[in-house]
Amino acid sequence: MTHLLHRAIHAKLPVAVRGEGIRLFDAEGKAYIDASGGAAVSCLGHTHLDVLAALHAQLDRMAYAHTGFFTTEAAERLADRLVADAPDGLDHVYLVSGGSEAVEAALKMARQYFVEKGEPQRRHIIARRQSYHGNTLGALAAGGNEWRRAQFRPLLVETHHIDPCFAYRLQQAGESDADYAARAAAQLEAKILDLGSDQVIAFVAETVVGATAGAVPPVADYLKRVRAICDKYGVLLILDEVMCGMGRTGTLHACEQDGVIPDLMTIAKGLGGGYQPVGAVLLSSAIFRAFAEGSGFFQHGHTYMGHPMAAAAGLAVQDVIRRDGLLENVVSMGDYLERCLVERLGNHHHVGDIRGRGLFRAVELVADRTTKSPFDPGLKLNARIKKEAMARGLMVYPMGGTIDGQRGDHVLLAPPFILGREDVDQIVERLGDAVDAAIASLTEDARMQNRGTPP
Ligand SMILES: Cc1ncc(COP(=O)(O)O)c(C=O)c1O
């Protein structure tokens, strides 16, 4: 009997009692390799002593001071650090408590920017299908996952969606990467012109799509083209790096690999590595100046924004990543993980695609490799894989609706940056076995059903 409203009311969850390195342990003493960092959160694994020490020290000094009354050393130092490491021109930070809050703040910042600038007619947000930006109403409206949006649609602000840049699903046979990137980006220009070239506030995109489509990186110069289109029409570019940022893809910010700098960037998850709930918006000097020289404030705020404990955790996590050269490990272990996945699953009858960057990888499952047709969503293959993986002591992040919010299954991997080759070997071995077992269970279920059907 529980009084918690759990995510899934009828699910029977093990009780997590302890973490150590890349593993979590349940109350029965069973160990789970955390190959997804929960939901791409635990970049340093669990119970990292340096982070714990920083948190203890902050707690001993002061747990909380409201940002309406004070600034704090922890928040100032984290902001200094984030700006020092940010792409050129992103020179201010707004600290919040998670990804959805960061996206909400970025959307409102973008709108207020145009009000400050004397362009209050700009009111449209453009985003992409098969993206996820959070579950609060503004972020959910920006997100393009039909399943997540459907029942809340009457409450969502109007947001316009274009196709994602999703090579495996949307690049045509024979189409070059460059041509596909141009075609995908052209949808943005068409949408801006359709809505009115002076009516659009911002285009929002995950640099590498995470939860809803499974580690989908942009193709060729897609993001550069998007940047140029935004500039042409004075539209702000918001890159949501809540999941793919802070080192997950091998560079601190995923967009570094695409040579693109957004006007606003949202980060969370790996920022605090799960040691505290923390997120942030990095904003450009132009946006900051518009506020500073205009109304003098950003009309927003939360009770826990800039929380000293959250800031101390973020700073400690980022310090460890830098001190221990962990981004290099993300690159080398990411390459190794990809090689192992290809070796184990590359020729699997039901694996259509293996993709991603750094330690952000996904495997897309298909019923038929040639036609890329998905499994029947009713079979819940992704949930079966999760169950089989958990039974084998492996946490991965499988999801359905990869193609359109309904159809398609993928498994996302986002292990801690501290893992080594043997850890990767174990992850891939257990994942391979879980995929095989889940698919075998489909056949077994079908056989049992046929047996039960009267002749
Ligand atoms: C890209 C992206 N943006 C925003 C969010 C929302 O973050 P949170 O769950 O911390 O509110 C997520 C969460 O998965 C995400 O992946």
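An account of the accompanying structure is given in this report. This is a predicted model, so every value here is computed, not measured.

1. What to know about helix H9 (residues 222-232)
No. 1: Residues Tyr222, Leu223, Val226, Arg227, Ile229 and Cys230 constitute the buried set of H9. Viewed along the axis of H9, the buried residues span an arc of 165 degrees, placing them on a single side of the element.
No. 2: Following H9 by one or two positions, Gly234 has its phi on the positive side, about 65 degrees.

2. Side note on the pairing of strand E7 (residues 200-206)
No. 1: Taken across its 7 residues, E7 has 7 buried, putting it largely inside the fold.
No. 2: Sheet topology note: the strand E5 (residues 124-128)/E7 ladder contains 3 bridges and is parallel. Looking at the pairing, Ile125 lines up with Ala202 of E7.
No. 3: Pairing geometry for E7 and strand E8 (residues 236-240), over 5 bridges, is parallel. Across the sheet, the residue bridging to Phe203 is Leu237, located in E8.
No. 4: For the crossover from E7 across H9 to E8, the handedness is right-handed.

3. So, the sheet that holds strand E3 (residues 31-34)
No. 1: The strand order across the open sheet built from 4 strands is E1-E2-E3-E13, with neighbouring strands paired in mixed fashion. The open sheet terminates on both sides in strands that have one partner only, identified here as strand E1 (16-20) and strand E13 (394-395).
No. 2: Of the pairings in the sheet, the one linking E3 to E13 comprises 2 bridges and is parallel in character. Paired with Ile33 across the two strands is Leu394, which belongs to E13.

4. Focus: the site of the ligand
No. 1: Near the ligand you find Gly98, Gly99, Ser100, Tyr132, His133, Gly134, Glu206, Asp240, Val242, Met243 and Lys269, and these make up its full shell.
No. 2: Measuring from an oxygen atom of the ligand, one finds a backbone N or O atom of Gly99 at 2.9 Å.
No. 3: Between Tyr132 and the ligand, the recorded distance is 3.5 Å, taken from a backbone N or O atom to a nitrogen atom.
No. 4: Bound to the protein, the ligand loses 82% of the 390 Å² it would expose on its own.
No. 5: Residues of the shell around the ligand, tallied by class, amount to 3 nonpolar, 5 polar and 3 charged.

5. Quick word on unusual backbone geometry
No. 1: Its identity as a non-glycine residue notwithstanding, Lys372 has a phi of 60 degrees, on the positive side.
No. 2: For Lys372, a relative accessible area of 27% puts it in the partly exposed group.
No. 3: Even without a glycine there, the phi angle at Lys380 is positive, about 50 degrees.
No. 4: The residue Lys380 is located in the loop between strand E12 (360-365) and helix H13 (381-391) in this model.
No. 5: For Lys380, a relative accessible area of 52% corresponds to the exposed category.

6. Section: the pairing of strand E15 (residues 409-413)
No. 1: By the criterion of burial, E15 is predominantly enclosed, with 5 of the 5 residues buried.
No. 2: Every second residue of E15 is oriented toward a common face, with Asp409, Val411 and Leu413 on one face and His410 and Leu412 on the other, all of them buried.
No. 3: As paired elements, E12 and E15 share 5 bridges and run antiparallel to each other. Residue Val363 lies in a different strand from E15, and its bridge partner there is Val411.

7. A closer look at the packing of helix H2 (residues 49-61) against helix H11 (residues 308-323)
Any two packed helices are characterised by the angle at which their axes cross and by the distance between the axes.
No. 1: Relative orientation of the contacting elements H2 and H11 amounts to 150 degrees, with a least axis distance of 9 Å. Comparing the axis directions of H2 and H11 gives the class roughly antiparallel. Judged by the twist between their axes, the crossing of H2 over H11 is right-handed. Taking contact as the criterion, the partners of Asp50, Val51, Ala54, Leu55, Gln58 and Leu59 in H2 are, on H11, Pro308, Met309, Ala312, Ala313, Ala316, Val317, Val320 and Arg323.
No. 2: Looking at side-chain class alone, the contact of H2 with H11 contains 11 nonpolar, 1 polar and 2 charged residues.

8. Concerning the side chain of Gln318
No. 1: Topologically, Gln318 is positioned in helix H11.
No. 2: Contact partners of Gln318, with chain neighbours within four places excluded, come to Arg81, Met246, Leu252, Gly270 and Leu271.

9. Describing the packing of aromatic side chains
No. 1: All told, the structure shown has 4 aromatic pairs when counted by the stated rule.
No. 2: Seen in terms of ring centroids, Tyr94 and Phe298 are 5.2 Å apart; in terms of plane orientation they differ by 75 degrees. Their pairing is edge-to-face. Of this pair, Tyr94 sits in strand E4 (residues 90-96) while Phe298 is found in the loop between helix H10 (285-293) and H11, placing the two residues 204 residues apart along the sequence. Across this residue pair, the class does not change: Tyr94 and Phe298 are buried.
No. 3: Grouping aromatic residues by their ring pairs yields a cluster made of Tyr94, Phe291 and Phe298.
No. 4: The side chain of Lys372 reaches across the aromatic face of Tyr168, ending 4.3 Å from its centre.
No. 5: Lying over the aromatic face of Tyr336, Arg421 brings its terminal NZ or CZ to 4.0 Å of the ring centre.

10. Structural notes on the nonpolar core
No. 1: Judged by nonpolar contacts, the single largest core of 49 residues is most densely connected at Leu82, Leu188, Phe203 and Tyr222.
No. 2: With 7 residues, helix H8 (residues 177-195) is the largest single contributor of residues to this core.
No. 3: The residues touching Leu82, leaving out its near neighbours within four places in the chain, are Val93, Leu95, Met246, Ile267, Leu271, Ala280 and Leu282.
No. 4: In this structure, Met333, Leu337, Cys340 and Ile439 belong to the second largest nonpolar core, which totals 46 residues.

11. Some words on the environment of Asn329
No. 1: Following the sequence through the fold, Asn329 ends up in helix H12 (residues 326-345).
No. 2: Taking the C-alpha atoms as reference points, Asn329 and Tyr275, separated by 54 residues in sequence, lie 21 Å from one another.
No. 3: Excluding its chain neighbours within four sequence positions, the residues that come into contact with Asn329 are Gly334, Phe417, Ile418 and Leu419.

Reading guide: rules and limits
- Residues numbered from 1 in each chain as written.
- Predicted model: local features only at pLDDT ≥ 70, side-chain atom pairs only at ≥ 80, totals over all residues.
- Heavy atoms only, no water.
- Buried < 20%, exposed > 50% of the residue type's maximum accessible area, 1.4 Å probe, protein only.
- Helix = DSSP H or I, 4+ residues; strand = E, 2+ residues; numbered from the N terminus.
- Arc of directions from axis to C-beta.
- Pairing = 2+ DSSP bridges.
- Right-handed = clockwise from strand over helix to strand, strands pointing away.
- Near = heavy atom within 4 Å.
- Polar contact = N/O pair within 3.5 Å; in protein donor to acceptor, adjacent residues only side chain to side chain.
- Areas by Shrake-Rupley, 256 points an atom, 1.4 Å probe, with all protein chains shown as cover.
- Nonpolar A, V, L, I, M, F, W, Y, C, P; charged D, E, K, R; others polar.
- Axes fitted to C-alpha atoms, helices over the stretch in contact; angles between N-to-C directions.
- Parallel < 35°, antiparallel > 145°, perpendicular 65-115°, else oblique.
- Left-handed = near helix turned anticlockwise from the far one by under 90°.
- Contact = heavy atoms within 4.5 Å.
- Phe/Tyr/Trp six-rings, centres within 6.5 Å; stacked < 30°, edge-to-face > 60°.
- Lys NZ or Arg CZ within 6 Å of the ring centre and 35° of its normal.
- Core = buried A, V, L, I, M, F, W, Y, C linked by side-chain atoms within 4.5 Å.

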